[in-house]
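What the coordinates show
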Amino acid sequence: MAFWTRADALSTVGRDNRCEDELTMDGWTGQILRVNLTNGTHRVETFSEEFATTWIGGRGFAVKILYDELAPGIDPLGPDNKLVVAVGPISGIPAPNTGKTIVAAKSPATGGYGDGNLGTRVTDQLRKAGYDALIVEGRAERPTMLVIDDDRVELQSAEEVWGKGTIETNDWIYARYNKGVGVLNIGQGGENMVNFAVIRSLEGRSGGRPGMGAVMGSKLLKAIVVKGSKPIPQAFPAKMKELGRDDLREVHQIDKEAAWSQQGTTGVLSWCNEVAALPVHNFRGTSHPDAWMVDGERVHAARVATYGCPNCTMRCGIAVLDDEGREAEVDYENIGLLGPNLDLYNLPEVGALNYLCDDYGLDTISAGGVLGFYADAIERGATPGEPLFGDAAGFKKLLGKIAHREGEIGNLLADGVLRAARAFGHGSEDYAMQVKGLEISAYNCKFIPGMALAFGVSPIGAHHKESWIITYEVNQTPRESYGRDKAQKIVDLQRIRGGLFESLITCRFPWVEIGWGAEHYPIYFNTITGNDWKLEDFWPISDRIYALIKLFWLREYPDTDRSADYPPAAWFDPANADTEGPIAGRILERDKYDSLLQHYYDIRGYDVRGVPTRATLESLGLGAEAAAAEAHATLL
Ligand code: PTT
Ligand code: SF4
């Protein structure tokens, strides 16, 4: 066990021209805590105001740090990878839904940049402890818990809970500290380095789909606990307090009136079923007559508890009882992929799979994708095995094997669908539902071109969070269109969802779900930082973040081409078209998808491979990064 006080504090990441006693700047603490698990040291580093306003926070800080500090080709599960936990200027401020944090690292699932966003008390506690980001590097010798208490940074043994699930681990931590501390922890999935292991925080909150939990596990880091007591630096604290209080009240009023408060994200299931967008039977089908049995109304009726992130009145985490009477928090993605995608239409059974994913610390989306793919591969004869679709008990057992990497199949499936498909062969890669190695979220886009492209060009692999164009596309545009307007809409959504919300950093649901205008966010930003920015001032920053993420991928995959931005072959296969329903006989068209992709590249200033051009990089202030990138690949 190592214990540190603020030992070798104050090295610098670009000085901020302030004296060392005065480390804060309005809106940011100006400090990053770096912890090395190999040698048990830590140091506090400062960053400049220029760094802050160039990258804002959250994903912006994370990609800049990882791009600068990770050598290309490192093993994502080796000691050279780094885990970045980062917040932003409005994180943790008492204003609507600001309790979110980014966790980021090189992804073991994709080999590229990976991150996730989760609600946690770490958000405000890290800021109150005096840091805008935490970098964890190296690898501990034994199972370890990192405890940050303002300036005190301590490594404690976590041997007692190694091998335990996230629920028991969380209780163990709460028994040692009061419940006000911020906690990030992993379960057996992370410990065993399952490629889609997530990090868990409060009840019902999970993040880091592309294996951020596995990165923690590879470092033998079971948990991070954060306590802080300092004020968060703000330009106009009294004004912010008043504004935040009024806006929290207003959001709550709107939310109470909205259908959202009844069903949360699960409300979208019946819509997906109706418009033929639901993943059924490993994405082979797009709707099912029994889907109503696991829809938002059923979830609302079965609700036994409600979970939420800090500073949130919308509290979207709805818990139902699973088939063993345990509380399971169900979201649309979880139900879609662990339910209809596996031919399961019994809510308590679906809840049980959800509960196990939470406790093992596995991503529900990828877990559902992996289970569905394996059942499909058996059915199609690509691999031997007993039929699995509809077999809740069989899927539960398999999840346990995956979480423990038990046996040949458990170990293989723990690597995700792409690697499993490569091992099975027999053309199974065509129906391995993933992009860049990350399993597709619960939207079946066999005839939704814009949303298919959104998965294709998501910067972390197939995640819906960057650009959820689907409702706009299906409800407001000709679904069969591959026009430039859809590519433009994707870029617009990426700028706000993947750029603004992921760097500021705050939950996007008030904006997405109840129409809380985006114009509120520059107001919060300005009140906290003392700046005078408009919404459009954030777009170049968003574009810069996306471009640097692209360079991260390019460095890892110098031979990349546009095929990396394609969804799986199943969505282009006429034999896979629905035979009845609203999209009967329709399927994505490859040449038209390619032209839509080209529109996207053109709007973004990327070349035909999907790589930002030198001119684009220079216009985004990434000239130095462009020059460095030339060492790995040619830029146009
Ligand atoms: C997110 C992904 C999602 S997206 C869901 S349901 W969703 C799944 N939830 C899981 C879960 O639960 N348990 C589990 N073991 N794995 C899970 N994996 C899946 O993780 C999440 C909410 C949701 S619920 C969404 S859309 C919004 N996402 C936001 C985002 O990305 N950014 C942002 N600024 N605000 C957001 N608000 C909403 O937050 P990942 P959370 Mg999660 C049980 O992290 O890696 O991005 O994957 O964060 O605090 O749980 O909130 O219909
Ligand atoms: Fe968390 Fe949901 Fe509230 Fe967003 S709306 S902050 S995800 S509880």
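This text follows the structure it describes.
Only a predicted model underlies this, so the values are computations on that prediction, with no experimental measurement involved. (Residues numbered from 1 in each chain as written. Chains lettered and ligands numbered in written order. Predicted model: local features only at pLDDT ≥ 70, side-chain atom pairs only at ≥ 80, totals over all residues. Heavy atoms only, no water.)

The secondary structure content of the protein amounts to 25 helices and 19 strands. Against the globule reference of 26 Å for 636 residues, the protein gives a C-alpha radius of gyration of 23 Å, in line with a compact fold. The principal-axis extent of the C-alpha atoms belonging to the protein is close to 70 × 55 × 50 Å. In the protein, the proportion of contacts linking residues at least 24 apart, taken out of those at least 6 apart, comes to 70%. Looking at the protein as shown, the accessible area adds up to about 21100 Å², and 48% of this sits on carbon and sulfur atoms. (Helix = DSSP H or I, 4+ residues; strand = E, 2+ residues; numbered from the N terminus. Rg over C-alpha atoms; globule rule 2.2 N^0.38 Å. Contact = heavy atoms within 4.5 Å. Areas by Shrake-Rupley, 256 points an atom, 1.4 Å probe, with all protein chains shown as cover.)

The subject of this paragraph is the pattern of salt bridges. Counted by the stated rule, this structure contains 50 salt bridges. A salt bridge links R614 to E630, with the shortest nitrogen-to-oxygen separation between them at 2.6 Å. Separated by 16 residues along the polypeptide, R614 in helix α24 (residues 614-619) and E630 in the segment after α25 (623-629) bring together distant segments of the chain. Relative accessible area serves as the criterion here: at 27%, R614 is assigned to the partly exposed category. Here the residues in one salt-bridge network are R34, R43, E45, E69, K82 and E137, joined through shared partners. (Salt bridge = Lys/Arg side-chain N within 4 Å of Asp/Glu carboxyl O. Buried < 20%, exposed > 50% of the residue type's maximum accessible area, 1.4 Å probe, protein only.)

What follows concerns the environment of S428. Position of S428 among the secondary structure elements: in the loop between α16 (417-424) and β18 (434-435). Since its relative accessible area comes to 1%, S428 is described here as buried. Along the chain, S428 and T529 lie 101 residues apart, while their C-alpha atoms are 52 Å from each other. S428 has contacts with F373, A382 and A421, leaving out every residue within four places of it along the chain. Polar side-chain contacts of S428 include one of 2.8 Å to the backbone oxygen of G425. (Polar contact = N/O pair within 3.5 Å; in protein donor to acceptor, adjacent residues only side chain to side chain.)

Moving on to helix α2 (residues 58-69). Its 12 residues give α2 an end-to-end C-alpha distance of 16 Å, which sits within 8% of 16 Å, the value for a rise of 1.5 Å per residue. Where burial is concerned, most of α2 is hidden: 10 out of the 12 residues are buried. Within the sequence span of α2, burial applies to G58, R59, G60, F61, A62, V63, K64, I65, L66 and Y67. (Expected span 1.5 Å × (residues − 1).)

Around ligand 1 sit 33 residues in total, of which N117, G119, S206, D358 and D363 are the nearest. In the model, an oxygen atom of ligand 1 is placed 2.6 Å from a nitrogen or oxygen of the G119 main chain. Among the secondary structure elements, those contributing two or more residues to the shell around ligand 1 are β7 (113-119), β13 (206-207), α11 (332-338), α12 (347-360), α13 (364-379) and α19 (484-504). Broken down by element, the shell around ligand 1 gets its largest block of residues, four residues, from β7. (Near = heavy atom within 4 Å.)

To continue, consider the site of ligand 2. By nearness alone, every residue bordering ligand 2 is listed as N97, K100, R205, G308, C309, C312, M314, R315, C316, C507 and F509. Among the residues making up the shell around ligand 2, the classes are represented as six nonpolar, two polar and three charged. (Nonpolar A, V, L, I, M, F, W, Y, C, P; charged D, E, K, R; others polar.)

All right, on to the environment of L248 then. For L248, the position within the fold is in helix α7 (residues 237-257). For L248, a relative accessible area of 18% puts it in the buried group. Once you skip the residues sitting within four places of it in the chain, L248 turns out to touch P94, A95, P96, N311 and T313.

Here we take up helix α3 (residues 122-129). Residues that lie three or four places apart on an α-helix share one face, since the helix turns once every 3.6 residues. With respect to burial, α3 is a largely interior element, seven of its eight residues being buried. Residues of α3 that are buried: V122, T123, D124, Q125, L126, R127 and A129.

On to the sheet that holds strand β17 (residues 327-330), then. Pairing in this open sheet of three strands is antiparallel, and the strands run β15-β16-β17 from one edge to the other. In the strand order of this sheet, the two ends are held by β15 (305-307) and β17, each with one partner. Going from strand to strand, the sheet's axes swing by 35° on average, the running direction of each strand aside. Judged from the four bridges that link them, strand β16 (residues 317-321) and β17 form a sheet pairing that is antiparallel. Its bridge partner lying in β17, V320 is registered against A328. Each of β16 and β17 is contacted by α12, which is oriented at about 90° to β17, the strand it contacts most. (Pairing = 2+ DSSP bridges. Axes fitted to C-alpha atoms, helices over the stretch in contact; angles between N-to-C directions.)

By themselves, these figures tell us nothing about what the structure is for.
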